[in-house]
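# Residue-level structural notes
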Amino acid sequence: MHHFEYKNGDLHAEDVRVGDLAREYGTPLYVYSAATLRRHFQAFDSAFSELDRLTCYSVKANSNLSVLRLLAAEGAGMDIVSGGELHRAMKAGVDPAKIVYSGVGKRAHEIREALEAGILMFNVESTGELDLINEVAISMGKVAKISLRINPDVDPKTHPYISTGMKKNKFGLDMVSSLKTYERARDMEGIEPVGIDCHIGSQLTTIEPFLEALDKVLVFYEKLGNMGIDIKFLDLGGGLGITYDEEEPPHPKEFGAALTAKLKGLPLKLILEPGRVIAGNAGILVTEVVYTKTTPSKHFVITDAAMNDLVRPSLYGAFHRIVEVKESGRATRDADVVGPICESGDFLARDRELPDVQPGEYLACLSAGAYGFTMSSNYNSRPRACELVVDGNTVVVARRRETYEDLTHLEEE
Ligand code: LLP
């Protein structure tokens, strides 16, 4: 459920006409709905209310400070993967005791910054990283709380680029050697193993792979218990999918009930790291049609948004619904919706049946709230889009549009 709806033929973000926003703030324009973000967070978090749990929103999905502040106010912790994300989370006022730090390539300075901040734990992805965290912690006179990210070798049945919990993926440690690594970690002066972590992939549309991974993790948890290693946190990562097109992912309630059935009564705090399911359908990308052109083989709708604004279609062949900001009632025709970038891979949609839109009209690319702006770039020296947060009838410029000056201000003139 989200708060982007037509009222009298005009697409609205909550109580505000999207067309008015496009005229006032220009395009390409990201628009996020505060009510949707809150609702998604609460729906997800409350699905686990029978368990001791902490919902750590995955910052990479949408890291705008306004979004982070809003979610922190709802009680969210954060899952971060870089010093930059730590900086954002701290700036947004997130309680560091609710921050978990994942990622395969943490640098010494990032580890130091996280220890200084006092985060809840590091999700460790290699023995080299464990050694480095130990070293940094000792040098600071601290003890780092960690979990090892174990790779349960489960197929999440999602796009290969966003599957992470299979043997061939770069993430985590295999289950057999992890047992020894926990023993080593226990004996390290700067390390306290407190958790087990696993994240198998993103945009999962069935529960089974999560349950398969959880079963393996629970067997592993028991083994650690037998070794006298006291685990307090079980971090199952993120990954719950959303509807972009026809997908029917499980509702968070269903997901919560399935995990609760397996975890209830265990002396563990469950940590989850949802990103897409919170932010994905809470945002749209608004774009203006610049030209249309018909070649002997295709009809093209050329928009002012491009792969630098939303790379998901180009990178993963991802589907995003595209709708008119003002319903025209015109007959439909098949079109490729493409951006101005000099690559044939620059498209928002291919062979899509759309009303016969005309230059000057606005389109909205739906489900763009997660991995939209955060994956955007300045390719072709295109200033990055403006981001707005709409809350009822209030509009906040959460990030102003970049200027040409912004493009060059870090460079030698
Ligand atoms: N935790 C970890 C350790 C992760 O690597 C990820 C996502 C998440 C949590 C959040 O997963 P989510 O709940 O959002 O599925 N750019 C891709 C998605 C990459 C996901 C990377 N890791 C896309 O646009 O589909």
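Residues numbered from 1 in each chain as written. Predicted model: local features only at pLDDT ≥ 70, side-chain atom pairs only at ≥ 80, totals over all residues.

### Thoughts on helix H7 (residues 175–186)
The first and last C-alpha atoms of H7 sit 17 Å apart over 12 residues, in line with the 16 Å expected at 1.5 Å per residue. Listed as buried for H7 are Ser-178, Tyr-182 and Ala-185. All buried residues of H7 fall inside an arc of 65° around its axis, so they share one side. Looking at H7, the residues exposed on the side facing more than 90 degrees away from the buried face are Val-176, Ser-177 and Lys-180. (Helix = DSSP H or I, 4+ residues; strand = E, 2+ residues; numbered from the N terminus. Expected span 1.5 Å × (residues − 1). Buried ≥ 20, exposed ≤ 12 C-beta atoms within 10 Å, placed from the backbone. Arc of directions from axis to C-beta.)

### Notes on the site of the ligand
Neighbouring the ligand are 23 residues, the closest being Ser-202, Gly-238, Gly-275, Arg-276 and Tyr-371. Of all elements in the fold, only helix H10 (276–279) and helix H11 (312–316) reach the threshold of two or more residues within the shell around the ligand. Along the lines of polarity and charge, the residues of the shell around the ligand split into nine nonpolar, 10 polar and four charged. No fewer than three residues from each of domain 1 (4–32 + 280–408) and domain 2 (34–276) sit in the shell around the ligand. (Near = placed C-beta within 6 Å. Nonpolar A, V, L, I, M, F, W, Y, C, P; charged D, E, K, R; others polar. Domains from an automatic or database assignment.)

### Description of the domain arrangement of the chain
The assigned domain composition of the chain is domain 1 (4–32 + 280–408) and domain 2 (34–276). Taking the mean C-alpha position of each, domain 1 and domain 2 sit 32 Å from one another. Taken together, the contacts link 24 residues of domain 1 with 19 residues of domain 2. Those elements that place two or more of their residues in the side of domain 1 that touches domain 2 are strand E20 (386–391) and strand E21 (394–399). Residues of the side of domain 1 that touches domain 2, tallied by class, amount to 12 nonpolar, seven polar and five charged. (Contact = placed C-beta atoms within 7 Å.)

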